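# Structure at a glance
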Amino acid sequence: MVNNILILMILAAFLPAPLVYILGRSMGKKVSWIVFTVLLGVTIALAGLFSTVQHDVILEEYSWVSAPVSLTFGLLADGLSVPMMFTYLFVSAGATLFSVPYMERRFSLDDIEESNEQWARFYTFFLLYSASVGACMLSTNLIQFFMFFELALVFSWLLIFLFGYGDSKRNSLLYFLWTHIGGGAFLVGILGAYWTVGSFEIADLAHIADYAGAFWVGLALSLGLFVKIGALGFHGWMPDTYSESPAPVSAVLGATSVMLSTYTMSRLLPPFQAVLHDISGWFMLWALATILYAGVMALVQKDTKRLVAYLSMSQMNYCVLGVFTFVPFGVLGAISYSISHGLAIGLLFMVSGALLYRTESRDMTEMGGLAEKLPIVILATLAGFLTIGGVPPAVGFKSKFILLSGAMVRGFESGMLELIVAILAGSLATLITLGYEFRTVWRVFYGDLPEKLKEVKSVPTVMAITLLALGALSIILGIWPALITNPLEVYIEHIFPH
Amino acid sequence: MTVIETIMQHPGPFLAWMLPIFGALMMPVLGRINHKLRDYGAVAFAFSAVVAAASMVPDLLSGHTAGDIKLITWMTLPNGTPLEFGVLVDPLSIIIANVVAFISFLIVVYSTSYMHGDPHLDRYWFLFLYFIGNMLLLVMANNLVMTLIGWEGVGICSYGLIGYYYRDAKERWLGGPPPTEMYPPSHAGMKAFVVTGIGDVLILGAIFILYYYAGTFNYHDLIHHSTEWLSHMAQVPGLVALFAVLLLGGPIGKSAQFPLHEWLPEAMAGPTSVSALIHAATMVKAGVYLVARMSPVFYVGTWTLNLPEAQVYFIAIALVGAFTCFLAATQALVAVELKKILAYSTVSQIGYMMLGLGLSGFSEGAYIPGLTAGIYHLASHAMFKGALFLGAGSVIHAVHTIYTFNMGGLKKYMKYSYVLMGIATLSLSGVPPFSGFWSKDAVFLAALEAGTPLAYALLFVGVVSAAMTFAYSIRYISNTFRGDASKYIHDMEHHGHAPHEAPKVMWVPIAILVVLFSITGLLGLVGVFVPNLNPEIFIEEAMHNTVHHLLPPEIADQMHVTHISGTTKLIGAGLSALALAVGGFLGYNFYWARNWDSWAWVQASDTRKSIHNFLWNRWYMNAFFYRVFVDGILNFKQVLYDGFEAKALVPLSDVVASVSQSFSEMTYQVLEEGAIFGVINKGVPSVIIGAYHRIKKTQTGLLSMNLVYVVVMLIAIIVLMLETGGF
């Protein structure tokens with residue numbers, strides 16, 4: 001294996017950015033191929049690490065800051081980070097491909113003029129955003145993590161602000177503020193952790209539960225992440241941001257929310273198990289409330305993208321529920337469900353984008369009978385919905401199954417509250433999920449084709465390829481879950497030794 | 001041993017489900033090449049499943065079945081146990097796999113003609129083969145997770161096939177005639193998936209409980225070690241009963257038993273071949289199979305561990321089965337859609353199977369007879385109901401109407417269909433010597449063998465339902481084929497479209513089924529004198545073998561097969577005869593000979609009219625479920641959205657937005673001047689400055705106030721944490 005592979009991956013993702021900007025100004029949309037190649041290249045490189053992380057970890061450290069605190073710039077690839085970053089970048093690469101026809105339409109329809117400058121900005125920010133999120137997942141210390149986290153926020157803000165629909169100023173600011181409230185709480189947690197254990201290294205947190213104040217550090221970190229994952233009450237930014245961003249941006253934003261938050265929770269929070277155990281039942285309840293609340297909200301939506309936004313908010317909180325069970329099955333389920341959900345939500349935002357692209361509408365009441373006109377889109381929709389609904393053979397079945405088993409185990413061990421949460425998450429929430437999914441398919445794809453949609457043509461080839469690729473990965477991982485669960489189990493064994 | 005080697009060694013149980021699933025994937029590909037190739041390909045793949053299933057039959061006959069064969073480790077459970085995917089080859093799975101594969105194959109052959117010319121056959125064949133593959137997967141699976149995968153696969157295919165005519169053209173709607181409400185096919189598909197989904201959620205709960213206590217999903221391990229984990233589970237009062245009820249939830253949904261039965265009458269919205277597949281061969285049988293498969297666990301619980309709670313499993317399913325049997329039979333008496341009558345009849349007949357399985361736990365000696373009754377009736381029902389549905393398809397194909405009042409007098413146009421459906425109807429009604437008589441009789445015998453007061457009460461319900469079965473059978477067969485042709489048929493004839501017999505490729509599969517259940521029935525008759533040839537005794541031994549291999553040896557050895565005494569058999573036959581006499585008398589006079597006018601009889605009395613309305617409206621259960629669950633949830637969510645999310649949260653977001661405008665002003669100053677983001681500043685200055693200026697224009701006067709507010713809040717939080725000893 002190449003030495004220093006991780007730093008090479010990071011550099012490969014970040015360094016082309018200026019080049020993308022400069023070339024983009026002359027090449028226009030063709031620059032997307034550079035971004036796609038870069039993201040796919042890193043994804044493939046990560047795929048090569050899967051077998052290594054099943055028995056080993058890859059750790060690279062570079063000296064970075066020596067004063068006032070000494071920090072190393074560390075990169076860690078293990079059973080947790082590799083599958084997650086792989087899936088995330090896979091979705092990102094797909095979104096890049098998808099964005100070419102989509103953004104062309106976005107420019108031609110609306111208030112933004114199409115120019116090479118715009119294409120250059122879009123792809124530069126898109127690449128930097130994806131690279132920053134990926135870099136978060138490899139970071140070994142909290143300052144480095146936070147730096148990439150902030151970078152990701154800035155670039156996503158720019159994407160929403162510059163290319164969003166509607167009142168993009170308001171939406172992007174809402175996004176910026178809320179995520180910074182979360183970021184602020186998270187920063188408090190980071191500083192608190194330093195105060196407590198005297199180090200920013202994530203590895204040094206392992207015994208934090210023995211220190212006084214660990215509870216508050218854990219609480220601050222958790223609350224910070226709850227904003228990012230749109231827990232009920234902290235979700236004000238989510239529907240608007242998701243639904244008013246261009247579809248490929250929504251796709252990566254959605255995938256980031258669920259995957260980065262779950263990654264961070266499952267990386268940082270297990271050491272806090274002893275101190276957070278008492279309130280974790282209430283966090284599970286909070287997650288359940290969000291799942292149910294957003295699920296019911298999803299039932300009411302007429303706008304395809306708002307539907308996906310609420311659906312995503314609802315489903316993401318399964319991961320919170322899973323992590324806070326603090327039992328091996330729960331955490332394993334949360335991680336694998338976040339991978340499933342990241343895939344599915346990317347897919348579904350792209351589906352809503354494809355529908356907008358072809359029907360020029362986001363209003364489901366104006367749709368119907370599209371199954372025949374858009375066969376690839378309905379296939380992709382079903383793949384996404386099956387994943388989210390936890391129906392085999394999609395990967396969601398396995399993940400939700402593990403997650404809910406974990407919740408049940410926790411319920412049996414802890415008490416009534418946790419047991420009831422687990423039961424309701426498995427029953428009522430599942431039924432609501434099936435309800436809005438099948439209602440949507442029915443409204444959009446079945447019944448009579450409205451007169452003005454008679455001329456709808458099939459989606460462009462690149463869109464079709466992206467949709468099918470994401471759908472196919474979900475089914476492949478569903479049939480052969482060991483591909484991702486084997487590395488994940490190594491990590492789970494590491495944090496919950498027998 | 002590698003995966004390939006394992007499959008090579010035992011090809012039957014694996015290929016039975018792998019080939020149809022592979023075939024399903026091939027359908028869109030073959031469809032691109034040539035339509036004929038695709039259609040014959042579908043037949044070939046369905047046939048390959050028959051061959052694979054049949055290859056296990058010699059083992060069944062010799063009594064040496066392969067048992068649990070593990071293929072791959074799907075994943076490792078956190079407790080370290082590997083979850084190994086594989087198959088469980090025992091008499092129970094072999095019998096059901098053969099019934100499923102063979103009848104599905106006949107339906108596939110029938111479909112090639114029935115669906116001829118449909119423009120979306122790629123989708124049809126894909127779903128059809130995938131359906132068959134998943135059904136066989138769930139039957140052959142060696143663990144509950146794999147069964148659940150097949151289970152959900154069957155569900156998703158049924159959703160696609162019931163809603164096959166998703167364009168919802170008016171002539172495809174069901175229910176009615178107006179003013180009774182009608183439903184489009186896509187709605188019916190969704191209803192099937194969601195209602196069975198309720199059951200799936202329940203069974204999932206049971207599986208989670210099971211995992212916690214047993215730590216495995218493998219059937220053999222579960223049953224073999226049931227004494228250990230059941231006694232552990234029994235320490236929590238009520239848990240075993242809860243587990244039993246949750247576990248039954250899945251089968252109750254899948255097999256359309258009360259209270260989750262309302263989806264099945266609408267499930268014939270798809271093509272009739274699909275109805276035959278769902279009603280006769282596959283889906284609804286899945287529940288019966290699973291109840292039988294898990295029953296040894298509760299047998300051990302009830303009789304070895306003496307846990308009264310374990311018996312809840314049997315009592316609950318017996319009650320549900322008997323009640324559903326009665327409920328659906330009453331509805332079949334008044335229904336006017338030919339396929340819907342058959343659908344109610346399916347619900348009712350599955351009630352008998354469930355009743356049989358339930359009775360198996362009423363006394364220790366009734367276990368094998370009860371199990372036998374359930375499985376025997378499953379196999380026999382699969383044959384005659386398959387024939388009936390396919391026959392109904394031929395009729396509907398010929399006359400283009402679903403209502404029996406638009407038919408009448410069809411026997412002169414469709415002789416074969418009349419004869420074949422007539423014989424199948426006799427079997428359904430339980431007329432000797434057809435298979436339906438023997439298998440229904442087996443249920444009665446199981447009740448007599450159980451011998452408790454509750455068993456006798458349930459037996460009474462079963463006998464009353466049997467009488468109704470004969471009555472409604474005579475009703476639909478007379479209304480369809482006998483009497484004078486309706487005005488509708490005359491009109492058809494007038495326009496030169498006289499109804500015609502179905503083509504050979506459609507009636508031959510029906511004939512094969514009729515021959516099969518007739519032979520089974522005759523063997524039953526011969527078997528009275530030559531026990532070796534009796535199908536019932538064959539199934540009884542097969543069930544005994546199945547249970548014997550799964551149970552721990554010390555329990556299995558104590559189990560003995562009780563042979564039902566001659567007197568009991570006579571009583572059972574007498575009860576059947578009584579039911580036939582009563583049902584036949586009423587059916588003959590009302591419908592066959594039409595001595596009495598049934599409609600006038602109903603209209604003559606208010607009580608009868610209201611009973612008729614009650615039955616016609618499906619005991620008001622359908623309306624009740626819609627009112628409470630569908631409308632209830634839809635209204636609730638609107639109230640929640642309008643009242644809370646829209647009124648409270650959106651204005652709040654606006655407030656937050658204006659605050660954030662100010663906040664971002666500050667952030668961008670930091671961005672511009674700060675050292676950390678200096679790099680970005682240099683890289684993309686124009687954008688940031690542009691943004692900055694745009695924001696600056698909309699800045700509110702409350703900037704400083706908002707900033708102060710945010711800072712004060714942050715300080716307050718930190719102080720609070722310090723005060724409470726956080727740091």
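Residues numbered from 1 in each chain as written. Chains lettered and ligands numbered in written order. Predicted model: local features only at pLDDT ≥ 70, side-chain atom pairs only at ≥ 80, totals over all residues.

### Some details on unusual backbone geometry
- Here the amide bond leading from Phe 258 of chain B into Pro 259 of chain B is cis, since omega sits at 0°, within 30 degrees of zero.
- As for its placement among the helices and strands, Pro 259 of chain B is situated in the loop between α11 (239–254) and α12 (272–281).
- Unlike most non-glycine residues, Glu 360 of chain A shows phi in positive territory, near 55°.
- Looking at where Glu 360 of chain A falls in the secondary structure, it is placed in the loop between α13 (328–359) and α14 (375–389).
- You can call Glu 360 of chain A partly exposed: it has 13 C-beta atoms within 10 Å.
- Here Asn 306 of chain B, not a glycine, exhibits a phi torsion of approximately 55°, which is positive.
- Mapped onto the elements of the fold, Asn 306 of chain B is located in the loop between α13 (283–304) and α14 (308–334).
- Judged by the 10 C-beta atoms lying within 10 Å of it, Asn 306 of chain B is exposed. (Helix = DSSP H or I, 4+ residues; strand = E, 2+ residues; numbered from the N terminus. Buried ≥ 20, exposed ≤ 12 C-beta atoms within 10 Å, placed from the backbone.)

### Looking at the packing of helix α7 (residues 144–162) of chain B against helix α8 (residues 185–214) of chain B
Residue and element names in this part refer to chain B.
- Orientation of α7 relative to α8, taken along the N-to-C sense of each, is 165°, at an axis distance of 8 Å. In terms of orientation, α7 and α8 fall into the roughly antiparallel class. Seen along the crossing, α7 lies across α8 with a hand that is left-handed. Counting all contacts with α7, which are made through Leu 144, Glu 152, Gly 155, Ser 158, Tyr 159, Gly 160 and Ile 162, the residues of α8 involved are Pro 185, Ala 188, Gly 189, Met 190, Ala 192, Phe 193, Thr 196, Asp 200 and Ile 207.
- Here the residues of the contact of α7 with α8 sort into nine nonpolar, five polar and two charged. (Axes fitted to C-alpha atoms, helices over the stretch in contact; angles between N-to-C directions. Parallel < 35°, antiparallel > 145°, perpendicular 65-115°, else oblique. Left-handed = near helix turned anticlockwise from the far one by under 90°. Contact = placed C-beta atoms within 7 Å. Nonpolar A, V, L, I, M, F, W, Y, C, P; charged D, E, K, R; others polar.)

### Side note on the packing of helix α11 (residues 273–300) of chain A against helix α16 (residues 416–426) of chain A
Residues and elements named next belong to chain A.
- As a packed pair, α11 and α16 sit with axes 9 Å apart at the nearest point and diverge in direction by 25°. The pairing of α11 with α16 is recorded here as roughly parallel in orientation. As α11 runs across α16, the sense of the crossing is left-handed. Contacts between α11 and α16 involve Gly 281, Met 284, Leu 285, Leu 288 and Ile 291 from the first element and Leu 417, Glu 418, Val 421, Leu 424 and Ala 425 from the second.

### Quick notes on the confidence of the model for chain A
- Counting all residues, the mean pLDDT for chain A is 87, and 99% of those residues have values of 70 or more.
- The secondary-structure element of chain A with the lowest mean pLDDT is helix α17 (residues 428–445) of chain A, recorded at 81, while helix α10 (residues 247–268) of chain A shows the highest, at 93. (pLDDT = per-residue confidence, 0-100.)

### Some remarks on the nonpolar core
Residue and element names in this part refer to chain B.
- By size, the foremost hydrophobic cluster in this structure holds 449 residues, and its most contacted members are Ala 49, Leu 129 and Leu 136.
- No other element matches the 20 residues that helix α16 (residues 367–399) contributes to this core.
- Three or more residues apiece are contributed to this core by two domains, here domain 1 (1–142) and domain 2 (196–594).
- Those residues in contact with Ala 49 that sit more than four places away from it in its chain are Ala 16, Leu 19, Pro 20, Ala 101, Phe 105, Ile 132 and Leu 136. (Core = buried A, V, L, I, M, F, W, Y, C linked by C-beta atoms within 7 Å. Domains from an automatic or database assignment.)

### Regarding the pairing of strand β2 (residues 82–89) of chain B
Residues and elements named next belong to chain B.
- For β2, the buried fraction is high: six of the eight residues fall into the buried class.
- In this structure, strand β1 (residues 67–76) lies alongside β2, joined through eight bridges in antiparallel fashion. Paired with Thr 76 across the two strands is Pro 82, which belongs to β2. (Pairing = 2+ DSSP bridges.)

### Regarding the environment of Phe 538 of chain B
All names here are of chain B.
- If you trace the backbone, Phe 538 turns up in helix α22 (residues 535–550).
- Overall, the presence of 20 C-beta atoms within 10 Å leaves Phe 538 in the buried class.
- Separated by 162 residues in the primary sequence, Phe 538 and Tyr 376 have C-alpha atoms spaced 9.8 Å apart.

### Comments concerning the environment of Gly 254 of chain A
Residue and element names in this part refer to chain A.
- With respect to the helices, strands and loops of the structure, Gly 254 is situated in helix α10.
- Taking the C-alpha atoms as reference points, Gly 254 and Tyr 242, separated by 12 residues in sequence, lie 7.4 Å from one another.
- In contact with Gly 254, other than residues within four places in its own chain, are Tyr 242, Ser 312, Ile 345, Gly 346 and Phe 349.

### Examining the confidence of the model for chain B
All names here are of chain B.
- For chain B, per-residue confidence averages 80 on the pLDDT scale, and residues scoring 70 or more make up 85% of the total.
- Segment residues 671–711 is flagged for pLDDT under 50; beyond a separation of four residues in sequence, or across chains, it makes 34 contacts in the model.
- A low-confidence stretch, residues 721–727 stays under pLDDT 50, and its non-local contacts, those more than four residues away or across chains, total nine contacts.
- Taken together, the chains of this predicted complex give a pTM of 0.81 and an interface ipTM of 0.76.

### Some points on α16 of chain A
- Of the residues making up α16 of chain A, those classed as buried are Glu 418, Val 421, Ala 422, Ala 425 and Gly 426 of chain A. Along the axis of α16 of chain A, the buried positions cluster into a sector of 125°, meaning they face one direction only.
- Considering only its buried residues, α16 of chain A is in contact with α11, α12 (304–323), α15 (395–414) and α17 of chain A together with α8 of chain B. (Arc of directions from axis to C-beta.)

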